[in-house]
Amino acid sequence: SKFSEFKPLNEHTLIEYIKTIPTLSSKLNNSFSDISIKEIGDGNLNLVFIVSNSTGSFIIKQALPYVRLVGESWKMTKERAYFESLALKEKGKLCPEHVPEVYHFDRVMSLIGMRYLEPPHIILRKGLVAGVEYPLLAEHMSDFIAKTLFFSSLIFRSTTDHKRDVAEFCGNVELCRLTEQVIFSDPYKVSEHNRWTSPYLDRDAEAIREDNLLKLEIAELKSKYCTCPTLFFFLCISFMGICSVCKNLCSFRFCERAQALLHADLHTSSVMVTRESTQVIDPEFAFYGPMGFDIGAFLGNLILAFFSQDGHANQANDRKTYKEWILKTIENTWTLFYYKFTKLWDEHRDGAGEAYLPEIYNNPEVQLLVQRKYMTELFHDSLGFAAAKMIRRIVGVAHVEDFESITDAAKRATCEKQALDFAKMLLKERRKFEAISEVVSAIRQI
Ligand code: ADP
Ligand code: SR1
Ligand code: MG
Ligand code: MG
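Rules used in this analysis
- Residues numbered from 1 in each chain as written.
- Chains lettered and ligands numbered in written order.
- Predicted model: local features only at pLDDT ≥ 70, side-chain atom pairs only at ≥ 80, totals over all residues.
- Heavy atoms only, no water.
- Pairing = 2+ DSSP bridges.
- Helix = DSSP H or I, 4+ residues; strand = E, 2+ residues; numbered from the N terminus.
- Contact = heavy atoms within 4.5 Å.
- Axes fitted to C-alpha atoms, helices over the stretch in contact; angles between N-to-C directions.
- Near = heavy atom within 4 Å.
- Polar contact = N/O pair within 3.5 Å; in protein donor to acceptor, adjacent residues only side chain to side chain.
- Areas by Shrake-Rupley, 256 points an atom, 1.4 Å probe, with all protein chains shown as cover.
- Nonpolar A, V, L, I, M, F, W, Y, C, P; charged D, E, K, R; others polar.
- Domains from an automatic or database assignment.
- 1 Å grid on protein atoms, 1.4 Å probe; cavity = no way out; pocket = protein on both sides within 12 Å on 5 of 7 lines; lining within 4 Å.
- Sits in = over half its atoms within 2 Å of the grid points.
- Buried < 20%, exposed > 50% of the residue type's maximum accessible area, 1.4 Å probe, protein only.
- Arc of directions from axis to C-beta.
- Points joined across faces, edges and corners; volume = space filled by probe spheres on them.
- Salt bridge = Lys/Arg side-chain N within 4 Å of Asp/Glu carboxyl O.
- Buried area = accessible area lost by both parts, 1.4 Å probe.
- Parallel < 35°, antiparallel > 145°, perpendicular 65-115°, else oblique.
- Left-handed = near helix turned anticlockwise from the far one by under 90°.

To continue, consider the sheet that holds strand β11 (residues 278-280). Strand pairs in the sheet, formed through backbone hydrogen bonds, run parallel or antiparallel to each other. In space, the 3 strands of this open sheet follow the order β8-β10-β11, with antiparallel pairing throughout. Looking along the sheet, the strands with just one partner apiece sit at the ends: β8 (122-123) and β11. Judged from the 2 bridges that link them, β8 and strand β10 (residues 271-273) form a sheet pairing that is antiparallel. Counterpart to I122 in the pairing with β10 is V273. Against the sheet, helix α5 (residues 137-150) makes contact with β10 and β11, and its axis sits at roughly 35 degrees relative to β11, the strand it touches most.

This brings us to the side chain of K424. Mapped onto the secondary structure, K424 falls in helix α16 (residues 409-429). When residues no more than four places from it in sequence are discounted, the contact partners of K424 are A207, I208, D211, L214 and I391.

Bringing the site of ligand 2 into the picture now. All residues adjacent to ligand 2 are N44, L45, V67, V182, D265, H267, F285, R392, R393 and V397. In the environment of ligand 2, an oxygen atom lies 2.8 Å from a nitrogen or oxygen atom belonging to the side chain of N44. Here ligand 2 loses 97% of its free accessible area of 320 Å² to cover by the protein chains. Along the lines of polarity and charge, the residues of the shell around ligand 2 split into 5 nonpolar, 2 polar and 3 charged. Mapped onto the domain boundaries, the shell around ligand 2 takes at least three residues apiece from domain 1 (11-114) and domain 2 (122-445).

Around ligand 1 there are 18 residues in total, and D42, N46, K61, R115 and E284 lie nearest to it. Contact distances for ligand 1 include 2.9 Å between an oxygen atom and a side-chain N or O atom of D282. Taken by itself ligand 1 offers 550 Å² of open surface, and the protein chains cover 93% of this. Its atoms largely coinciding with the cavity grid, ligand 1 occupies the largest pocket. Of the residues that constitute the shell around ligand 1, the class distribution is 10 nonpolar, 3 polar and 5 charged. Residue assignment places the shell around ligand 1 across two domains, with domain 1 (11-114) and domain 2 (122-445) each supplying three or more.

This paragraph deals with helix α6 (residues 159-169). Listed as buried for α6 are H162, D165, V166 and F169. All buried residues of α6 fall inside an arc of 105 degrees around its axis, so they share one side.

Attention now moves to empty space enclosed by the protein. All chains considered together, the criterion is met by 2 cavities of 30 Å³ or more. In this structure, the largest cavity occupies an estimated 50 Å³ of space. The wall of the largest cavity is formed by I155, W345, H348, R349, G353, A355 and Y356. Residues belonging to the lining of the largest cavity are distributed by class as follows: 4 nonpolar, 2 polar and 1 charged. There is about 30 Å³ of room inside the second largest cavity.

What follows deals with the pairing of strand β5 (residues 71-75). Inspection of the sheet shows strand β4 (residues 66-67) paired to β5 by 2 bridges, in the antiparallel sense. Within β5, the residue paired with V67 across the bridge is G71. Adjacent in sequence and paired antiparallel, β4 and β5 are bridged by 3 residues.

With that settled, consider the pattern of salt bridges. Scanning the entire structure with this criterion turns up 33 salt bridges. For E284, the salt bridge is made with R80, and the minimal N-O distance between the two is 3.1 Å. In this pair, E284 is assigned in the loop between β11 and β12 (287-289) and R80 in helix α3 (residues 80-94), connecting sequence segments 204 residues apart. Here E284 matches R80 in class, with each residue buried.

Taken as a whole, the largest pocket spans an internal volume of roughly 1200 Å³. For the lining of the largest pocket, the secondary-structure elements that each account for two or more residues are β2 (47-52), β3 (57-62), β8, α4 (124-130), α7 (173-185), α14 (364-395) and α15 (401-404). Broken down by element, the residue count for the lining of the largest pocket peaks at 4 residues, all from α7. The residue inventory of the lining of the largest pocket, partitioned by class, reads 25 nonpolar, 10 polar and 15 charged. Split by domain, the lining of the largest pocket shows at least three residues from each of two domains, domain 1 (11-114) and domain 2 (122-445).

Domain annotation of the protein identifies domain 1 (11-114) and domain 2 (122-445). The C-alpha centroid of domain 2 is placed 27 Å from the C-alpha centroid of domain 1. Listed as interface residues are 25 residues of domain 1 and, on the opposing side, 32 residues of domain 2. Of the roughly 2500 Å² buried where domain 1 meets domain 2, counting both sides, 67% is carbon and sulfur surface. Per-residue buried area on domain 1 facing domain 2 is highest for F83, K91 and H98; these three make up 29% of the total on that side. Remark: the boundary between domain 1 and domain 2 carries 3 salt bridges. Linking domain 1 with domain 2 are 10 residue pairs in polar contact (both at pLDDT 80 or more). For the side of domain 1 that touches domain 2, the leading source of residues is α3, giving 10 residues.

It is the contact of helix α12 (residues 292-312) with α16, at a shortest axis distance of 8 Å, that shows an interaxial angle of 150 degrees. Our classification of the angle between α12 and α16 gives roughly antiparallel. As α12 packs across α16, the resulting crossing turns out to be right-handed. Contacts between α12 and α16 pair I303, L304, F307, S308, D310 and G311 from the former with K411, C415, Q418, A419 and F422 from the latter. Tallied by class, residues from the contact of α12 with α16 come to 6 nonpolar, 3 polar and 2 charged.

Following this line, the structure appears as C-alpha cells:
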C-alpha cells in the first residue's frame, strides 16, 4: 500500500491515509466531501493535525525523524510515537478522566489518532500567560499524578509486572538521552544550543557554568533520572552487580530509580484545560524513572509562570491576585498529591505490591515511618527536578512562552533572573524545606 513505509504527511496526503483506516474514516461517517484538515503543531517535536467534518473530529499526531524546533540536523527517532501511544493508553487506563482516548496507532507511519480536545480547551501555559484561573487544576493534576505514579510503582505492583514494563519503556532511550542533554548537561556547559536573554543574562549564564555546588546537585539528580537501559542492567549483573554505566550497585539502584511510569515531559504545555476539564497530552518521553521528575516538571513550570507575571502586568491588571492564585495552586497540587498518594498506599497495603511487604511493615508505627521517609525524599526530589527544569528553560535550548511573550527584553530578563536565582537556591537548598508552604514563602521573598 501507499503507506507501507514512513512518509511525513501533509494536509493532502493525510486524507488519503485516513481513507485507508476504517477506525478513523468511520469517525467522519466515511464522508470526505466536507473534510477540514489543519496542521496546528506548536510543540518542539512533532506534526499535529486537526481533522474534522460535520459529523466528527480527531487529532493526528505524527513524529518526524528529527527535532522540529531545531531542524533536520538534530536527528531523533520517530519510534517515540510508539512510546507515546503506549503511555497514553496506559495512563488512560489509570486515569481516564484526564487523558485523551487513543483511536489508532500506526508504528510504520509513527502516527497516533486520538480525541480532539475541542475549544474552549487551550494549552495551560497560554491560559497562564493570559492570566486565567482554573479552579480545578490542582485537584485534577494531583489526581492524575497520584494515580499514574502510584499504580505503576512497586508499592502497588508485583516485581514481575514492574520489571516487564520497565524493560519495555527502556526502549525509549533516545528520548531519555535528549532529556539528559538538554536538562542535566547543556545548561552547565558551553553548548551551541544554549541561549538566553543577552546581554542581560550573560553573567548569569556564565555563573551557572562556574558554580561547583550547582554542578554537584545536578549530578545527583541526573543520576536519579538515568535509569540504565535493560541491556546494561543485564550486563552489570554479570559484572558482579557493578554497573558499567553508572558504576553503582545497579541491581539495587535500578529498582529504586525506575519508581513509576513517568509522563516525563509534564510541563504546562502538556496540559490542556477549560475551567472544568484538565487533559494531559504528549507523553512521548515516557519511561520508568523517579516520580519527582513529573511532580517537579509541573511545579517548576507553575513557578516559571509566577515569575513571568510581572512581565505581563499592565495598568488594567497588575496580576497580583493572579500571582496569589498560582501560589495557591502550587501549594494545593503538592498537598492534594500527598494526601491522594498516601491514601492509595494505605488502601492497597495488603495487595500485590512488592516494595513494602506486609509481613515486614506489619505495624502502624513502621508503616508511618516508611511512608514519611518515602514522601520526604519524594518532596526533595520534586523540588530538585522543579529547579532543574526552571534553569533549562532560561539558559538552555528550549524556552517557554511565559517569558518569550514578554517583548521588552530588559523586562523579560528581570523576570527570568528572579526565576533563575530562585531555582539555583532551590536546587542547592531543597533538603532544608520541610513543607510546600515554606517553598511558597521563599517564592514570595524573591
Ligand atoms: P509536541 O510533542 O510537538 O510538543 P504536542 O503533543 O504537545 O506536540 O502537540 C502540539 C500542539 O498540538 C499542542 O500544543 C496543542 O495545541 C495541539 N494538540 C495536541 N494534541 C491535541 C489534542 N488531543 N487535542 C487538541 N489539540 C491538541
Ligand atoms: C530540543 S529540546 C525540546 C524539548 O521539547 C520537549 O517538549 C521536551 O521538553 C524537550 O526537552
Ligand atoms: Mg508538547
Ligand atoms: Mg512532545
